[in-house]
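Remarks on the overall topology
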Amino acid sequence: MNITTIITAIFLTIGCFFSVVAAIGVVRFPDFYSRMHPAGKNDTLGQTLILIGLIIYEGFSFVSIKLLLIIIFIFIANPTATHAIAKAAYLAGLKPWEKEEKK
Amino acid sequence: MFNIAAIAIVLAAFLILYRAIKGPMMYDRALAINIIGTKTVVILALIGFIYKRPHFLDIALVYALINFIATFAILKYIERDRLD
């Protein structure tokens, strides 16, 4: 087992951790606006780490350039889509969640 | 190594499918569909490395583009009840 495989395994482990944590956050959070938080940031970071691990495993070739294109597009598109969903919900008049004892 | 990562991502996608089915509003469902689509991109890239076929990366790139457009199409349909 050489050093490249070990670094790839570390990146894949951290990326899978962030993806699973994002999924748990989307299921468990109480409000729509708080559910945007794991969806927008955590998920993007996890996928980017997994694809960086694949780039390190592959080395410099045509495949790694394709992977880099996928990373750049996801890094731009995923927060943009999340922001669009949040703005659509806000314009539709959805109120943010509050604690019950505050009222 | 790659197949274990793919299994973990599939389990995360199934967790989010719960939110897509149960979610109280349409916006929750749109958000869940967006996340499942972006996880599918990673699953496709991992499948290309598992079976040693790099052509799957083209499918992953096209799926990322389609997923981005689909989210906006769903939002526009929710907001205006039509797509023109």
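Our subject is the structure listed above.
Residue positions are given per chain, counted from 1 along the sequence in the order it is written. Lettering for chains starts from A, numbering for ligands starts from 1, and both go in the order in which the items are written. A pLDDT threshold of at least 70 governs which residues receive local features in this predicted model, and a stricter bar of 80 or more applies before side-chain atom pairs are shown or counted, although totals over entire chains, interfaces and linings include all residues. To get the side-chain values, all heavy atoms of the structure are used, and hydrogens and water are removed first.

We now examine the overall build of chain B. Check the secondary structure of chain B and you find three helices and zero strands. Each helix is a run of H or I in the DSSP string that is no shorter than four residues. Each strand is a run of E no shorter than two, and both are numbered from the N terminus. Sequence-ordered secondary structure for chain B, helices as α and strands as β, is α-α-α. Overall, the C-alpha framework of chain B stretches about 45 × 30 × 10 Å when taken along its three principal axes. We call a residue buried when its accessible area falls under 20% of the maximum for its residue type, exposed when it is over 50%, and partly exposed in between, using a 1.4 Å probe and counting protein chains only. Evaluated residue by residue, chain B yields a buried proportion of 43% over its 84 residues. Across chain B, every contact between residues at least 6 apart in sequence was considered, and the portion connecting residues at least 24 apart equals 43%. For chain B, the accessible surface area stands at approximately 4700 Å², while carbon and sulfur atoms represent 71% of it. Any two residues whose heavy atoms approach within 4.5 Å at even a single point are treated as in contact. Note on areas: Shrake-Rupley with a 1.4 Å probe; residue coverage comes only from the protein chains shown.

On to the packing of helix α3 (residues 62–91) of chain A against helix α2 (residues 26–50) of chain B, then. As a rule, the C-alpha atoms of each element are fitted with a line to give its axis, helices using only the stretch in contact, and angles between N-to-C directions run from 0 to 180 degrees. At a minimum axis separation of 10 Å, α3(A) and α2(B) run at an interaxial angle of 175°. Classified by the angle their axes make, α3(A) and α2(B) are roughly antiparallel. Judged by residue contacts, A:Val63, A:Leu67, A:Ile70, A:Ile74, A:Asn78, A:Ala81, A:Thr82, A:Ile85, A:Ala88 and A:Ala89 of α3(A) engage B:Tyr27, B:Ala30, B:Leu31, B:Asn34, B:Thr38, B:Val41, B:Ala45 and B:Phe49 from α2(B). Polarity classes work like this: nonpolar for Ala, Val, Leu, Ile, Met, Phe, Trp, Tyr, Cys and Pro, charged for Asp, Glu, Lys and Arg, and polar for all others, with Gly in that last group. For the contact of α3(A) with α2(B), the class distribution of residues is 14 nonpolar, four polar and no charged. Just so you know how the angles are binned, under 35 degrees is roughly parallel, over 145 roughly antiparallel, 65 to 115 roughly perpendicular, and the rest oblique.

Before going further, it helps to spend a moment on a nonpolar patch on the surface. Residues and elements named next belong to chain A. Here, patches come from residues exposed beyond 30% relative accessible area and free of salt bridges, joined within 9 Å for like charges and within 5 Å for nonpolar side chains (Val, Leu, Ile, Met, Phe, Trp, Tyr). What makes a salt bridge here is a side-chain nitrogen of Lys or Arg within 4 Å of a carboxyl oxygen of Asp or Glu, nothing more. Taken together, Met1, Ile3, Ile6, Ile7, Ile10 and Ile14 make up a surface patch of nonpolar side chains, about 610 Å² in accessible area. In this fold, Ile6 is placed in helix α1 (residues 3–28). Judged by its relative accessible area of 35%, Ile6 falls in the partly exposed class.

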